Structures are given as C-alpha cells and as structure tokens.
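A structural walkthrough
Here is what each chain is made of, one letter per residue.
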Amino acid sequence: MNYQKVKGTHDFTLDKAEELKALESIFLESSYRYNYHYHDVPVMEYSELYLRSVGEGSDIVRKEMYTFLDKGNRSITLRPEFTAGIVRSIVENKMQVTSVLPIKSCYFGRCYRYERPQAGRYREFYQGGVECVGTKGVNSDIEVISLLLSFFNAIGIKESVLVKLNYLGSEETRKTYSASLKEYFLSHIEDMCEDCKERVNLNPLRILDCKAKEDQKIIEGAPKISEFLSDSDKENLNMIISYLKDKGITYEYDRGLVRGLDYYSGLVFEIYPKDNPTSEGALAGGGHYYGLVKELGGGDLEGVGFSFGAERLLSYLEERGISLAKRKSKKIYVMPLSPECLPYSEDIASSLREAGYLVEVDYSLSKITSMFKKAERLDMDLGVIIGEDEVSSSSVHLKDLRKKEEKTVSKEGLLGEIEK
C-alpha cells in the first residue's frame with residue numbers, strides 16, 4: 001500500500017523546513033523587540049469557544065471547522081485560529097488581574113480549516129501573530145501595524161506591500177450600522193446568493209465581503225460605515241491614516257473590508273502585495289476587538305492583533321527570490337512625559353527596535369515614579385526619559401536601571417552609548 005499525506009496538508013522538508021524555522025525565528029525576534037512574549041495554547045478546544053468568539057456568522061464556524069465528538073461525547077474543535085484560544089488562556093489563568101496591562105502575546109503554530117486546497121491555502125497550516133489585550137485608545141493599533149511592518153522589513157518585503165484598512169467604529173457604532181445594513185439587505189435578499197441569505201441574520205457586515213458578481217451592485221448601494229462613525233471614531237481613524245502617511249506607507253481605504261471573524265470592531269486591516277493585490281489574497285491581517293474578552297468572561301477589556309499564514313508568506317518570498325537567513329538585545333523602556341513627546345518617543349523607539357533591541361513605550365503618561373516602578377516590574381535594563389527639553393534639543397535622558405547611572409545623550413549618540 002502506498003501511504004500519502006491527507007489532502008490539504010503538506011510536508012516541510014530540507015530547505016523548506018529551514019525557511020519555515022527562519023521565518024518563525026525572525027517573526028518572534030521582531031515581536032520580542034516590541035515586548036511581546038511567546039504564548040502557546042492547545043490545538044484542541046471545546047467547540048463552544050469558537051462559537052462564542054469567532055461567531056456563528058463567520059465562514060470559519062459555518063463551513064470550515066474540524067469538529068468531532070470525543071469518547072466522552074464532548075464536542076471538540078481543532079484550532080482554526082489563535083485569538084480565541086489566547087484570550088481564553090488569559091482569562092482562565094487570570095492574567096488580566098495578575099499581569100501588567102496590556103498583556104502582549106505572540107504565537108506561531110499549526111491551525112486547521114476545512115477549505116478547498118489551493119496555492120497558499122491549506123487545511124493544515126502554520127499561523128503566526130500577536131494579541132495585545134487590555135489596551136485602550138488607538139496607540140496600540142498603530143504599534144501593532146508598526147510591529148507587522150517591522151517584521152516585513154526584516155524579511156525584505158516592507159517596500160512592496162499595500163495596507164488596506166477599514167474602521168468599523170465602536171461597539172455601539174457597529175451595532176447601529178449592522179442594524180441599518182440588515183434592513184437594507186432584507187429588502188434585496190431574494191436576489192442575493194444563498195450565503196448572503198444566511199449572513200443577513202447572522203452578521204450582515206459579512207455580506208460586504210461577498211464575492212458573488214450578482215450581489216456586487218446591491219452591495220454598492222448599501223449604507224456606508226462612514227455615515228455612522230462618531231467624532232471619536234473619526235479621530236482614531238485619522239490618527240491611523242496620519243501614521244501611515246508620515247511613514248510613507250502605501251495604503252488604501254476599503255469600506256468593504258470586514259475580515260472573516262465576527263469579533264472585530266474599530267480598526268480592521270489587511271496587507272497585500274503592492275504589485276498584484278488580488279493574486280493570492282492577503283499576506284496578513286488583523287484588527288481591534290472590544291467585546292471578545294468580556295464574552296469569554298474576562299471583563300471589559302479591549303484588544304488588538306494580527307495574524308499571517310506562514311505558507312502564503314513563504315510562497316510570496318520564494319517568488320521574489322528571497323531566502324531567509326538567521327539574524328543583540330538589551331531591554332529598553334521609553335518614557336514620554338507628555339502627549340507632545342509621543343511622536344519623538346516613537347521615532348526613538350523605532351530606531352532602537354531596528355537596531356535589534358527590545359523596546360517598550362509607556363503610553364500611560366503617568367508620573368515618572370510610576371513609570372520607573374512599571375519598568376522595574378518588567379525587568380527592563382535601560383530607561384529612556386523624554387520630556388519637552390529632550391525633544392527641543394534632539395536628545396534623551398538615558399538611565400541604567402540596574403547600575404542607577406544616568407546621563408543626557410544626543411539622539412545621534414544614543415545607539416553608541418547603549419553599546420557601551
């Protein structure tokens with residue numbers, strides 16, 4: 001008998017296996033520089049976890065989950081994505097109570113979805129990503145995008161990608177918009193595809209992502225999310241767009257982008273090849289979520305994250321003749337003392353991360369004593385204090401948190417001073 005691998009799975013052998021491990025190593029190193037820590041969760045979970053978190057309106061739950069009854073007649077599902085498991089783990093282990101917020105997790109491992117196998121899409125695949133849980137405001141959204149682009153820079157593709165983004169607003173905005181969409185689509189539903197006839201009651205936002213040609217004209221006439229965004233929503237969206245513009249990142253506002261999981265509110269985004277954004281689908285994607293932690297019993301905490309499929313990313317690299325190679329680190333705590341110091345602080349943090357250091361930025365703008373206590377709890381080596389004097393003189397106040405020595409150094413001389 002000839003034994004073959006199961007349809008939709010594949011072997012990583014020799015050079016391909018080396019490329020996979022190199023990708024994982026570079027991704028985890030990139031995450032480490034932003035103070036994300038490795039978090040692993042079981043490949044099996046009780047099915048209810050995904051029904052409650054991913055959402056019955058998602059294609060993953062409706063069509064793609066590997067679900068079975070175990071010998072105790074309990075419904076078990078193989079992990080289709082990491083976010084739900086990471087949040088479940090945080091809540092079950094009470095990390096939201098015992099840890100310094102936000103909790104910053106990164107992961108890399110196998111997932112399973114019953115999809116039609118095709119280029120860059122498998123039934124068993126590797127997924128990498130991050131989750132930042134217990135965050136507030138838009139700064140963490142921007143940091144997550146920055147981390148992803150830093151990772152893409154490390155593997156040599158940052159300049160060749162396009163960021164597509166949409167903003168679904170606050171939880172309340174999303175509810176109001178969903179109700180308006182449902183009313184609109186119900187008046188056209190008899191002329192729409194069978195999937196949309198199910199989605200209209202489960203999650204009408206998913207209809208915006210429908211690819212059926214007969215539905216496109218109907219979708220074009222649907223209410224637009226921009227009509228429902230609050231002033232706060234618009235301010236957050238403008239901050240994200242300003243960041244992308246300031247960094248010279250190619251982006252596109254896509255009101256039909258809703259992502260495939262029902263827990264997203266606020267920012268959603270996907271990364272595509274700039275030269276052919278419709279060829280193989282997104283290279284990575286993610287967004288902000290408001291109610292997921294609460295839904296799983298962990299309190300009213302927000303989160304944001306992204307994920308990528310390793311196989312699709314490796315295929316993209318191979319097409320461009322990019323082979324990954326193995327790539328120093330002190331832990332540095334950046335402490336801006338006022339809102340006006342944030343842009344300069346982020347520039348400093350970015351340059352330090354690109355130089356290979358783990359860097360955490362304290363966005364709390366709390367008292368300096370509180371920041372030092374937090375740095376101590378996080379076991380940081382160096383503190384970079386930035387006040388208005390430092391901004392105006394293009395310098396930083398550098399403190400060795402272990403030796404208790406400190407000095408003011410120029411922005412240009414910072415890396416050299418750290419090396420000493």
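Treat the numbers as computed from the prediction; the structure is a model and nothing was measured. (Residues numbered from 1 in each chain as written. Predicted model: local features only at pLDDT ≥ 70, side-chain atom pairs only at ≥ 80, totals over all residues. Heavy atoms only, no water.)

**As for the packing of aromatic side chains**
Following the criterion strictly, the structure yields twelve aromatic pairs and no others. Taken together, a centroid distance of 5.2 Å and an interplanar angle of 35° make the contact between Phe 151 and Phe 308 tilted. Taken together, the residues span a long stretch of sequence, with Phe 151 in helix 6 (residues 139-154) and Phe 308 in strand 11 (residues 302-309) at a distance of 157 residues. Phe 308 carries the same exposure label as Phe 151, and that label is buried. The ring centre of Tyr 272 lies 4.7 Å from the NZ or CZ of Lys 164, which sits over that ring. (Phe/Tyr/Trp six-rings, centres within 6.5 Å; stacked < 30°, edge-to-face > 60°. Helix = DSSP H or I, 4+ residues; strand = E, 2+ residues; numbered from the N terminus. Buried < 20%, exposed > 50% of the residue type's maximum accessible area, 1.4 Å probe, protein only. Lys NZ or Arg CZ within 6 Å of the ring centre and 35° of its normal.)

**Comments concerning the sheet that holds strand 3 (residues 67-69)**
The three strands lie next to each other as 2-4-3, forming an open sheet whose pairing is antiparallel. If you trace the sheet from one side to the other, it starts and ends with strand 2 (44-46) and strand 3, each paired once. Geometrically, the sheet is characterised by an average inter-axis angle of 35° between neighbouring strands, direction not taken into account. Looking at chain direction, strand 2 and strand 4 (residues 75-78) are connected through three bridges and run antiparallel. Across the sheet, the residue bridging to Glu 45 is Thr 77, located in strand 4. (Pairing = 2+ DSSP bridges. Axes fitted to C-alpha atoms, helices over the stretch in contact; angles between N-to-C directions.)

**Side note on the nonpolar core**
Counting residues in each nonpolar core, the largest one holds 96 residues, and the members touching the most others are Phe 151, Phe 152, Ile 155 and Phe 185. Among the elements that make up this core, the one with the highest residue count is helix 6 (eight residues). Membership of the second largest hydrophobic core comes to 18 residues, among which are Ile 332, Tyr 357, Leu 398 and Ile 418. (Core = buried A, V, L, I, M, F, W, Y, C linked by side-chain atoms within 4.5 Å.)

**Description of the packing of helix 1 (residues 14-33) against helix 6**
Close contact between helix 1 and helix 6 brings their axes to 9 Å; oriented N to C, the two are set at 140°. What the angle tells us is that helix 1 and helix 6 run oblique. Note that helix 1 runs across helix 6; the crossing there is right-handed. In this structure, helix 1 contributes Leu 23, Ile 26, Phe 27, Ser 30 and Ser 31 to the contact, and helix 6 contributes Leu 147, Phe 151 and Ala 154. (Parallel < 35°, antiparallel > 145°, perpendicular 65-115°, else oblique. Left-handed = near helix turned anticlockwise from the far one by under 90°. Contact = heavy atoms within 4.5 Å.)

**Focus on the pairing of strand 10 (residues 284-289)**
Taken across its six residues, strand 10 has six buried, putting it largely inside the fold. Judged by which residues are buried, strand 10 turns out to be covered on both faces: Ala 284, Gly 286 and His 288 on one side and Gly 285, Gly 287 and Tyr 289 on the other are all buried. Across four bridges, strand 9 (residues 267-273) lies against strand 10 in antiparallel orientation. Considered in strand 10, the bridge of Phe 269 is made with Gly 286. Pairing geometry for strand 10 and strand 11, over five bridges, is antiparallel. Bridging from a neighbouring strand, Gly 286 pairs with Phe 306 of strand 11.

**Quick word on the packing of helix 6 against helix 10 (residues 231-246)**
Packed helix pairs are specified by the crossing angle of their axes together with the interaxial distance, meaning the distance between the axes. At their nearest, the axes of helix 6 and helix 10 sit 10 Å apart, and the two run at 30° to each other. With respect to helix 10, the element helix 6 is oriented roughly parallel. The way helix 6 lies across helix 10 gives a crossing that is right-handed. Across the interface between the two elements, Asn 139, Asp 141, Ile 142, Ile 145 and Ser 146 from helix 6 touch Met 239, Ile 240, Tyr 243 and Leu 244 from helix 10.

**A few points about the sheet that holds strand 12 (residues 331-336)**
Strand order in the open sheet formed by five strands is 13-12-14-15-16, and the pairing between neighbours is mixed. Each having just a single partner strand, strand 13 (358-361) and strand 16 (405-410) make up the two edges of the open sheet. On average, each strand axis in the sheet is tilted by 25° relative to the strand beside it, whichever way the strands run. Both strand 15 (residues 395-400) and strand 16 contribute to a ladder of six bridges, which runs antiparallel. The residue of strand 16 that forms the bridge with Leu 398 is Lys 407.

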